[in-house]
Structures are given as C-alpha cells and as structure tokens.
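Overview (structure and organization)
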Amino acid sequence: GQYDAVKWAMLIRDLGIMEAPTGSGKTGIATAVSNSEKRSIALTKTKLLQIDNYEQSYGFKAVYGRSNYPCDHNINVNCDECAFIKLMKECPSYSNCKYVIARESAKVSQLASLNYAYWLLMRKKWPMPNLLICDEAHQLSEIVLDHAGVEITPYTKEQWDLPSFPIIFGGRRSVSVNGSVRNGSEERAIKWLSDCASHLRPIHATLQFEAQHDSDSRKRSTRCERLLKKIETTINAIRNEPDDWFIRSGPKAINGEFGFIARPLTARHHFGEYF
C-alpha cells in the first residue's frame, strides 16, 4: 500500500490529499516522495510533531520559533528577546546563534520541517520548496482562520493605548472595486486597524532601541511586534479578499464585552496566499 501511494504521489503536479489510518505510514510516504530529488518542507502544528514525526524518524532539518533557542549574546533570555532581534547580523554572537544555525541549515536542506505558525510568518523569506507537506491537513481551515483574523480586547487596547474601538455591527455588503474595499464594515475595520498599526510602529521602534540595555523593554518589544504583525496580517487578508468576513467592534463585540474582532467566515479565499 505504501509503495502504491508513493507511485501515486510521484505523479502529482499540483495538489494531492492523502487520507489513511494512524500508523499506516503517511509520514514515511511523504518522506519517500521528498527524497526523490524534490526539495521539501513539512509543516506540523506542534514542535513535538516536528521532532517525533520528521526530525528524529526521517532526518528532516527542523527549525522552531525563536523562543525555543537560548540567546548566545544575552544570558538568561531566548532568541526572541535578543537585543539584536531586528539586526541579527550585527550581533557579536551571530555566527554562534543556535537559531540562526538551525534556520540556515534548514533553508539549504533537501528536507526541512517547520511548524505552521513559523511558516505563515516567515514563508516569504524562505526558498520555495518543490513539495510542501501539510501534516494533519484536516486542521488547515482553522489554522488559516486563526492566522488571518485578529481579536483585540479592552486589556490589549489599554496596554498599548490604542485608538477607541469603532462601532461596527454589520452594515451593507462590501463591494470590491479594483481591489479596494468600499462601503462596508471591512473598510471601517481596515481604517481602525491601520490607525492601530501607525500608533504601534513608533512604540515598537522605541522599545527596540531600549531593548539593547533593558530586559523588560525586550519583552515588551516582542509582544508589540507580535501584535503589530497580527494587525498587519489581518489588514492584508481583508484587502486581498474583502468578502465573507465576520467583523464586530464596540460594546458586546466579544462575549458580551467591549472589543474588536475580525475573522474570515471561510478559509478557502486565503489558502492560495498562505500555501
């Protein structure tokens, strides 16, 4: 059965979906196809699956999120809190950085393994593989919906002094004209999110400067960067595909409380962008 599946997979030129019981060797089949002169990246949801299914069992070069690597330059912090996080090549310990070594090794490897969160954030900086293996593919829709959308609570708003929540509770269906969003909740959401991003960028720049000498600023800089990336991802997702969104903002927006939420109603519009 594995042999027949490998022969089938070798003939695929676009998209193939494999369904088989646990223990039937799906990972082994994917590895066999990857070893046939196809440069491959395997995506999993967790670090444990990267290690067990691909790195230890089949020799894939795995790279994890930066928080999983101790920083060589700053003692007692991880790489995601390094003072040189945005200028890593200027770090005195760059050549010994465990994260950089793992990342560069995976980039040139015939077989690499990443988690979905890392791929979605870093995919545009990676060489395109001949084969992209999406492990546990039944979870892909939820992964896409979580990545493309954003939820901002009153706590987050107060923490970063974001602009006041707009009042958005439905409205007329949006019309896309030449790629721009007109007359709808999506347009108002983009306006508010863009204002939030403009507000966060100088804060992030200041925190990055202070992070060189202050551990609390390094942690706040990391949190600020994550929120900023999340907001920018949602703005781009709405602009790329303005139809089929759930958007609510103001009182009772999130579990009966104040807040802002923008989430795609379907993942199908966004697969092409992410995968």
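Just so it is clear, the model here is predicted, and its values are computed rather than measured. (Residues numbered from 1 in each chain as written. Predicted model: local features only at pLDDT ≥ 70, side-chain atom pairs only at ≥ 80, totals over all residues. Heavy atoms only, no water.)

**Here's the deal with the packing of helix 6 (residues 140–148) against helix 9 (residues 215–240)**
Put simply, the test is: Axes, fitted as lines to C-alpha atoms, cover a helix only where it is in contact. Angles between the N-to-C directions of the axes lie from 0 to 180 degrees. Elements are defined by DSSP. Helices are runs of H or I of four residues or more, strands are runs of E of two residues or more, and each kind is numbered from the N terminus. What sets the label is the angle itself: under 35 degrees gives roughly parallel, over 145 gives roughly antiparallel, 65 to 115 gives roughly perpendicular, and the rest give oblique. Note on contacts: a residue pair is in contact if any heavy atoms of the two residues lie within 4.5 Å. Note that Gly is not counted as nonpolar here; it falls among the polar residues with everything else outside the nonpolar set of Ala, Val, Leu, Ile, Met, Phe, Trp, Tyr, Cys and Pro and the charged set of Asp, Glu, Lys and Arg.
Where helix 6 meets helix 9, the axes come as close as 8 Å, and the angle between the chain directions of the two elements is 105°. By the angle between their directions, the pair helix 6 and helix 9 is classed as roughly perpendicular. Taking contact as the criterion, the partners of Asp146, His147 and Ala148 in helix 6 are, on helix 9, Lys230, Thr233, Thr234 and Ala237. Among the residues forming the contact of helix 6 with helix 9, the class breakdown is two nonpolar, three polar and two charged.

**Thoughts on the sheet that holds strand 3 (residues 111–115)**
Think of a sheet as strands paired side by side through backbone hydrogen bonds, with each pair either parallel or antiparallel. The condition that has to hold: Any two strands with at least two DSSP bridges between them are considered paired.
Reading across from one edge, 2-3-1-4 is the order of the four strands in this open sheet, with parallel pairing throughout. Each edge of the open sheet is held by one strand with a lone partner, namely strand 2 (61–62) and strand 4 (131–134). Bridge count for strand 1 (residues 40–44) against strand 3 is five bridges, and the pairing is parallel. Bridge pairing in strand 3 links alanine 42 to serine 113. Contacting strand 1, strand 3 and strand 4, helix 2 (residues 26–34) runs over the sheet at an angle of about 170° to strand 4.

**Topic: unusual backbone geometry**
Test applied: For every residue, the accessible area obtained with a 1.4 Å probe (protein chains only) is divided by the maximum for its type, and the residue is called buried under 20%, exposed over 50%, and partly exposed between those limits.
Of note, the phi angle at glutamate 136 is positive, near 50°, even though the residue is not glycine. Within the element layout of this structure, glutamate 136 appears in the loop between strand 4 and helix 6. Of note in this structure, aspartate 161 is not a glycine but carries a positive phi near 55°. Here aspartate 161 falls in the exposed class, since its relative accessible area comes to 57%.

**Digging into helix 4 (residues 98–108)**
Short version of the rule: The reported arc concerns the directions from the helix axis to the C-beta atoms and nothing else.
Residues Tyr99, Val100, Ala102, Arg103, Ala106 and Lys107 constitute the buried set of helix 4. All buried residues of helix 4 fall inside an arc of 165° around its axis, so they share one side.

**Let's talk about the nonpolar core**
Stated formally: In this text, buried Ala, Val, Leu, Ile, Met, Phe, Trp, Tyr and Cys residues form a nonpolar core when linked through side-chain atoms within 4.5 Å.
Formed by 54 residues in total, the largest nonpolar core has its most connected members in Val63, Tyr99, Ile152, Ile231 and Phe260. For this core, the element with the most residues is helix 8 (residues 185–210), which contributes eight residues. In this structure isoleucine 152 touches Lys157, Leu162, Phe165, Trp192, Leu193, Ile231, Ile254, Gly259 and Phe260, once residues within four positions along its chain are discounted.

**A closer look at the sheet that holds strand 9 (residues 245–254)**
Taken together, the four strands give an open sheet; going across it, the order is 5-10-9-6, and neighbouring strands pair in antiparallel fashion. Two strands lie at the open edges of the sheet, namely strand 5 (150–152) and strand 6 (168–169), each paired on one side alone. The strands that helix 6 touches are strand 5, strand 9 and strand 10 (257–264); relative to strand 10, the one it contacts most, it runs at about 125°. This element, helix 8, spans strand 5, strand 6, strand 9 and strand 10 of the sheet and lies at about 65° to strand 9.

**Thoughts on the pairing of strand 10**
When strand 5 meets strand 10, the two strands line up antiparallel, connected through three bridges. Counterpart to glutamate 151 in the pairing with strand 10 is isoleucine 261. With seven bridges joining them, strand 9 and strand 10 adopt antiparallel strand pairing. Residue pairing in the sheet places serine 249 in a bridge with phenylalanine 260 of strand 10. Once strand 9 ends, the chain turns through two residues before running back antiparallel as strand 10, passing asparagine 255 with a positive phi of about 50°.

**So, the packing of aromatic side chains**
Heads up, the condition is: Paired rings are identified among Phe, Tyr and Trp, the last through its six-membered ring, by centres lying within 6.5 Å, and are further divided according to the angle between planes into stacked (under 30 degrees), edge-to-face (over 60) and tilted (the rest).
Per the stated rule, a full pass over the model turns up nine aromatic pairs. For the pair tryptophan 192 and phenylalanine 260, a centre-to-centre distance of 4.8 Å together with 35° between the ring planes defines the contact as tilted. With tryptophan 192 in helix 8 and phenylalanine 260 in strand 10, the pair connects residues that are 68 residues apart, well separated along the chain. In terms of burial, tryptophan 192 and phenylalanine 260 fall into one category: buried.

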